[in-house]
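Breakdown of the fold
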Amino acid sequence: QAIQNPNVEGVQERAWAAVVPLVAKLKTFYEFSQKLESSLHCLLDVLTSADSTPTQHLEQKQALARQFAHILHFTLRFDELKMTNPAIQNDFSYYRRTISRMRINNMSSDSGSEVNNELANRMSLFYASATPMLKTLSDATSKFVSDNPEVPIENTTVCLSTMACVCKVMLETPEYRSRFASEETVLFCLRVMVGVIILYDHVHPAGAFVKTSNIDMKGCIKVLKEQPPSSVEGLLNALRYTTKHLNDETTSKQIKNMLQAN
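An account of the accompanying structure is given in this report. Predicted model, so just to flag it, every value in this text is computed and none were measured. (Residues numbered from 1 in each chain as written. Predicted model: local features only at pLDDT ≥ 70, side-chain atom pairs only at ≥ 80, totals over all residues. Heavy atoms only, no water.)

Focus on the packing of aromatic side chains
Under the definition given, this model contains seven aromatic pairs. With a centroid separation of 4.9 Å and an interplanar angle of 50°, the aromatic rings of Phe-29 and Phe-78 are classed as tilted. Taken together, the residues Phe-29 in helix α1 (residues 9–47) and Phe-78 in helix α3 (residues 62–83) connect sequence positions 49 residues apart. Residue class for Phe-78 comes out buried when judged on its relative accessible area of 11%. Aromatic side chains Phe-74 and Phe-78 sit 5.9 Å apart centroid to centroid with 40° between the ring planes, which places their arrangement in the tilted category. Here Phe-74 pairs with Phe-78, and both are found in helix α3, just four residues apart, close to one helical turn. (Phe/Tyr/Trp six-rings, centres within 6.5 Å; stacked < 30°, edge-to-face > 60°. Helix = DSSP H or I, 4+ residues; strand = E, 2+ residues; numbered from the N terminus. Buried < 20%, exposed > 50% of the residue type's maximum accessible area, 1.4 Å probe, protein only.)

Written as structure tokens, this is what we have:
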């Protein structure tokens, strides 16, 4: 209504009052993504250090591996919700237009000062991504690898592929699966598995889909496809649209077919 009636003051005021608290919430999540980025950096620092093999790290530092898993779980959960909520970007672009109009008219925007122009630009870039949190983590993992050339890249890729393998085995083995307390635990494992696959695909020079990959992609996709479609559609979309190498010529037709949207 506010966009269609730019000169009706009452409508503008109502829309502005509704949008400002939502923008404050978007700002909180944007700032949180930056905290996740630095936390991930610290975790990778420890889980890929040269004093042990990646598998030993994961066995000896289970609490840290669990924190890493929690970050991935949150990230995929957030992005699933973001994908199904186009209002986020509409609200934010309305907010930015209104702020710039206020600036032109020298009007005070009170709470508008909460998100200045530079921050608004950065937030806009962040939310423009289909999966903003995952993009943040993928970029952070790639940056970690390029900033630490003394750490062999295998330390990072083996750590990620081992976590993917553990999740897959837990999900496909009835004996382990029967120990899960709830469906939420199943979803937790599925999200972590997809999260580490995507990070691996961004960091490994050949990606996750080649035959020589340390991740059994067919097995992982099969596990996803065996779940109720409603609970995994977002995760399959994440593999379809946020991986780097899915459409490479080196990816087998079988994997591409398995991931085709129905």
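Looking at the layout of surface pockets
Estimates place the volume of the largest pocket at around 550 Å³. In this structure, the largest pocket is lined by 18 residues; those nearest its centre are Ala-65, Arg-66, Ala-69, Val-166 and Met-170. Of all the elements in the fold, those that place two or more residues in the lining of the largest pocket are α2 (54–60), α3, α7 (153–172) and α9 (183–203). Residue classes in the lining of the largest pocket are distributed as eleven nonpolar, five polar and two charged. The computed volume of the second largest pocket comes to approximately 310 Å³. (1 Å grid on protein atoms, 1.4 Å probe; cavity = no way out; pocket = protein on both sides within 12 Å on 5 of 7 lines; lining within 4 Å. Points joined across faces, edges and corners; volume = space filled by probe spheres on them. Nonpolar A, V, L, I, M, F, W, Y, C, P; charged D, E, K, R; others polar.)

Re α3
Each α-helix winds once per 3.6 residues, and so residues spaced three or four apart point in a common direction. Compared with an ideal rise of 1.5 Å per residue, which puts 22 residues at 32 Å, α3 spans 31 Å between its outermost C-alpha atoms and is within 8% of the ideal. Listed in full, the buried residues belonging to α3 are Ala-65, Phe-68, Ala-69, Ile-71, Leu-72, His-73, Thr-75, Leu-76, Phe-78, Asp-79, Glu-80 and Lys-82. (Expected span 1.5 Å × (residues − 1).)

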